[in-house]
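# A structural walkthrough
Here is how the chains run, residue by residue.
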Amino acid sequence: MRRRRFLQNLAAGTAGISYLPSGWRDDAAPLEESSKIAPLIEDSGSLADVDGHTLLCEVQYSGKNWKVYEDLRTRDGAIVFLSNQGTKRVLPKSAEAVFAEGEPPYLGLNLDEIGLAGADLLADRLLQGGDDPDPAAVKSAAPPQASNTKERGGGFRLPWNTLVGTRECFDTMPVFATGRTRTYHPEQYFSEITQELAAKRFEGLVGGWMPAVRKVLPLSDSSYLEIVVFGDVEAKDKFIVQTWHRTARVENGKMTKVVYGYSYPAFPPRRKDPAPEAFYRALLVFAEYWDRQLHDASPVSLPDETYVNMSRHAIARELMVRPGGVYPKYGAVDRDYYGSEYDGFQDIFTSAVYTNLEWGRFTAAKQIIDNYFGDFVDEKGMINMRGPETAQFGMTLSLLARYYNYTRDAALLQKHRPKIEATAALLEELHEESLRLPSDDPGYALIHGWSESDSCLSSKPMTWWLPYFANSAFASRGLKDLARVWPEVHGAKAAASESLAKEWLKRSKALEDAMVAAVRKDIRHDMTPPYIGPFPGTSLTFRDSLAKERPSPQQWPHRPYAELLQADILPADLANLVIDCMRAYGATTLGVVANVSRARPGSREILGFISYGYAQMLLRLDRVEEFLLFLYSHHYHDHTRGSWTAGEVSDINGGTALFCIPAQQTIPLLVRWMLVLEDSDEEVLYLGKGVPRAWLVSGSPIRIENAPTRWGRVTLELRADPSTRHIAGKILLAAAGKPAQVQVKLRLPLQSAFSRVTVNGHDAKLAGKRNDTVLISTRQQKQFDISAQYDAS
């Protein structure tokens, strides 16, 4: 009923209205133009240089006449729109091989041994030497997704690997390897297109990050077929995605054949293939549409723009996957995972709220929270979904506090106050149950409950009703974070909220103490490195349990480990120990959290979703090299190459993976945190903490504007001049003296060291193992200029 009512509202046009949260605070808004940091080096470029480009046609749009050019001299030449009023629009094109290139995979190791080993052999190999991992080596460490998909008899069966759509449409359109959709087949016009040819294709996008699919199928050294597909953003269909198509043969820098299409094959005389002018006008409208959809995302510049584009593409993909841009969906296209039985999945909610908040998309975050608590949370704090995941209740409370800290929108939280407080009460009740256990019970004072939603699908679901450390850790985090804001949320009615907040803080501390004590007690020091199970009282390691016990109580250990770390309740020594345990005993693959199952030869899997909490803790602990390995491995081995479709679980043997949107949102979270990361409890803001060493001294800008934090918006820019070995940095805070301290990480190459660093003209205080962290006491200032001179040893 709730789902039907929501869809009816969307059809009436009420759910997609853009609005600002009530109570929007001044320092949450973008910085005034006059107070923005000017780029350290101005872009001196003028109108796009179209010398040597091919003039395709002219189109009319928005009262202007546009000439459309394309650079066909290179395979990835841009499409350029130039208007008669001097404005321009450049849509770059990308392409990446979907097949394995270069060296044999697995870095010379045997896949059977990799699958059976407890240790993450590939991560160990990539991290040896202590420097940042080489992205090219990470890329070659395993074959691309779907590169080994064959039918019986040796033929190819290539599934859909990407999709197109719009925010407004309630469905998406899959695009297959050959460039066909469910309604349009380019091979009808180009007989050269085959599954075998598509297996050796290059994939990419048109527009950098925009969801315009591009496929390049090489025919020879000087010729190729190019297929471009994108959703019609002007279409009004509720469920049907109308699609634009261009299929072209390019030979020696010239289009020798091109066919334009719209959704279906022609049916003359009523339905005819569109003219070129219609296609390019639609492409221009498409580009402006997607710019509007992401206008509020924090602008980011990096030496490798791939990670900016992947981040923005992930946000765009979520808008396409969610009906009306708001209603939750776990996957797309296939019943797994587009079916309604997944809609209330907590991970859809938490990953979406987290991503949109971190990228400054407050309106989207508000709509998602309002929808979820309106349609998927009842008056008892229970969710409308099978198999609630206990730790996710605590994470939900923490994210609601983050939403308020970023936006000061009290009205939304007041609206859902009964359900929010019921969610907290649920955790309190579960904690009270644990206190009724005998004091010598391993689970005493620890919250029991399912960790994984799939627990409820078993014939004996209570097998996994266990005192996972993560349950108590995230309950502690959620109650603590919410308690800090709850009285302020309710203003004049704060008396009752203050009393409730005090009780939450008290319980949070009790949970933290009990959980930390239980972890310390449960450490197996007889193993090297020491071993910690996902819950207390285990006699077998998780891999041994999976091999010997049916059913295994330790099934799905990857989730409670990742959530335990993300809650950020463990002291640093224990957090490090958990990570070392995961890496040594089978819970990571290529440096990413593994989808843990029984060890078997020829297979080892990456957990594409929910694993971002592990990466965040790597960054907090200054294990930056491992953080970067996670970033690169997730990019190359959990996403399809070029089209960037993220898998829920991806095997490193070149097979296929099921798409899910929480996995897609991992990269934007990591990119945000590498640049801007808050301390969970202290008045400390970390900037540039995860920037690769090579990026810092590349000479290209590293910049993020208006990144939201609980102290307001922050802007950071770093740029090196390699010729003079000088790094200039600028930081702008929204309010003077907030936070109390800013720590800026300047990760020089290992052979280099700083000779002098100043902040606002005064010698800076440095910290860290390599004296690479600039400590800034903000006092009453909000702008800071960093000057750093470095030498090569």
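Residues numbered from 1 in each chain as written. Predicted model: local features only at pLDDT ≥ 70, side-chain atom pairs only at ≥ 80, totals over all residues. Heavy atoms only, no water.

Membership of the largest hydrophobic core comes to 210 residues, with the highest contact counts inside it found for Trp-290, Tyr-307, Met-515 and Ile-731. With 11 residues, helix α14 (residues 469-490) is the largest single contributor of residues to this core. Excluding residues within four positions of it along the chain, Trp-290 makes contact with Gly-165, Thr-166, Arg-167, Trp-209, Met-210, Pro-211, Val-233, Ala-316, Leu-319 and Met-320. Counting residues in each nonpolar core, the second largest holds 15 residues, with Ile-193, Leu-197, Leu-225 and Val-259 among its members. (Core = buried A, V, L, I, M, F, W, Y, C linked by side-chain atoms within 4.5 Å. Buried < 20%, exposed > 50% of the residue type's maximum accessible area, 1.4 Å probe, protein only. Helix = DSSP H or I, 4+ residues; strand = E, 2+ residues; numbered from the N terminus. Contact = heavy atoms within 4.5 Å.)

A few words on the confidence of the model for the protein chain. When pLDDT drops low, the exact placement of atoms in the prediction is not to be read closely. Averaged over the protein chain, the pLDDT score is 92; the fraction of residues at 70 or greater is 92%. Segment residues 1-46 is flagged for pLDDT under 50; beyond a separation of four residues in sequence, or across chains, it makes 93 contacts in the model. (pLDDT = per-residue confidence, 0-100.)

Two side chains bearing opposite charge may form a pair once their charged atoms approach each other closely. Enumeration according to the criterion identifies 60 salt bridges in this entry. We note a salt bridge from Arg-335 to Glu-341, for which the minimum N-O separation is 2.6 Å. Note on Glu-341: relative accessible area 33%, which makes it partly exposed. A salt bridge links Arg-559 to Glu-563; the shortest N-O distance between them is 3.1 Å. Of the two residues, Arg-559 and Glu-563 are both situated in helix α17 (residues 558-566); the distance of four residues between them amounts to about one turn of the helix. Note on accessibility: Arg-559 and Glu-563 belong to one class, buried. One connected set of salt bridges, linked through shared partners, spans Glu-70, Arg-75, Asp-76, Lys-93, Arg-214, Glu-226 and Arg-246. (Salt bridge = Lys/Arg side-chain N within 4 Å of Asp/Glu carboxyl O.)

As a further point, take the sheet that holds strand β23 (residues 741-745). Strand pairs in the sheet, formed through backbone hydrogen bonds, run parallel or antiparallel to each other. Reading across the sheet, the five strands line up as β18-β19-β23-β27-β26 and stay open at both edges, with mixed pairing between neighbours. Edge positions in the sheet fall to β18 (676-678) and β26 (765-767), since each of these pairs with one other strand and no more. Sheet twist, expressed as the mean angle between neighbouring strand axes with direction ignored, is 25 degrees. Lying over the sheet, helix α22 (residues 666-675) contacts β18 and β19 (684-687), oriented at roughly 80 degrees with respect to β18. (Pairing = 2+ DSSP bridges. Axes fitted to C-alpha atoms, helices over the stretch in contact; angles between N-to-C directions.)

This brings us to helix α7 (residues 306-321). Residues separated by three or four positions in an α-helix point in the same direction, a consequence of the helix having 3.6 residues per turn. With 16 residues, α7 extends 22 Å between its outermost C-alpha atoms, agreeing within 8% with the 22 Å of an ideal straight helix rising 1.5 Å per residue. Within α7, 15 of the 16 residues are buried, which leaves it mostly tucked inside the rest of the structure. (Expected span 1.5 Å × (residues − 1).)

The subject of this paragraph is the sheet that holds strand β3 (residues 79-83). Sheet architecture is open: four strands sit in the order β1-β2-β3-β4, paired in antiparallel fashion. Looking at strand neighbours, the two that pair on one side only are β1 (54-61) and β4 (88-91), the edges of this open sheet. Pairs of neighbouring strands in the sheet enclose a mean axial angle of 20 degrees, with direction left out of account. Sheet topology note: the β1/strand β2 (residues 64-70) ladder contains seven bridges and is antiparallel. Of the residues in β2, the one forming a bridge with Thr-54 is Glu-70. Contacting β1, β2, β3 and β4, helix α6 (residues 276-293) crosses the sheet at an angle of about 70 degrees to β1.

Moving on, we come to the environment of Ser-472. Its place among the elements puts Ser-472 in helix α14. For Ser-472, a relative accessible area of 0% translates into the label buried. As a C-alpha pair, Ser-472 and Asp-237 span 235 residues in sequence and 46 Å in three-dimensional space. Of the polar contacts made by the side chain of Ser-472, one reaches the backbone nitrogen of Ile-447; its length is 2.9 Å. (Polar contact = N/O pair within 3.5 Å; in protein donor to acceptor, adjacent residues only side chain to side chain.)

On to the environment of Asp-171, then. Relative to the assigned elements, Asp-171 resides in the loop between β6 (160-164) and β7 (173-176). Each C-alpha atom of the pair Asp-171 and Glu-432 lies 44 Å from the other, and the pair is 261 residues apart in sequence. Discounting chain neighbours no more than four positions away, the residues touching Asp-171 are Lys-238, Phe-239, Val-241, Met-320 and Tyr-338.

According to the stated counting rule, one finds 35 aromatic pairs in the structure shown. Between Tyr-354 and Tyr-612, the aromatic rings sit 6.3 Å apart at their centres with planes inclined by 85 degrees, giving edge-to-face as the arrangement. In this pair, Tyr-354 sits in helix α9 (residues 346-358) while Tyr-612 sits in helix α19 (residues 612-620), placing the two residues 258 residues apart along the sequence. Judged on exposure class, the residue Tyr-354 and its partner Tyr-612 are both buried. Of the aromatic side chains, those joined through ring pairs into one cluster are Phe-230, Trp-244, Tyr-260, Tyr-262, Phe-279, Tyr-280 and Phe-286. Above the plane of the ring of Phe-176 lies Arg-180, whose end atom (NZ or CZ) is 4.1 Å from the centre. (Phe/Tyr/Trp six-rings, centres within 6.5 Å; stacked < 30°, edge-to-face > 60°. Lys NZ or Arg CZ within 6 Å of the ring centre and 35° of its normal.)

Turning next to the layout of surface pockets. Picture a little ball the size of a water molecule; that probe, rolled over the atoms, points out where space is still empty. In this structure, the second largest pocket occupies an estimated 500 Å³ of space. In terms of lining residues, the second largest pocket is bounded by 27 residues, among which Asn-405, Asp-481, Arg-484, Ser-680 and Arg-710 are the most central. Counting residues per element, the ones that place at least two in the lining of the second largest pocket are α11 (390-407), α14 and α19. Looking at the lining of the second largest pocket element by element, the count peaks at seven residues for α11. Classifying every residue of the lining of the second largest pocket gives nine nonpolar, five polar and 13 charged. (1 Å grid on protein atoms, 1.4 Å probe; cavity = no way out; pocket = protein on both sides within 12 Å on 5 of 7 lines; lining within 4 Å. Points joined across faces, edges and corners; volume = space filled by probe spheres on them. Nonpolar A, V, L, I, M, F, W, Y, C, P; charged D, E, K, R; others polar.)

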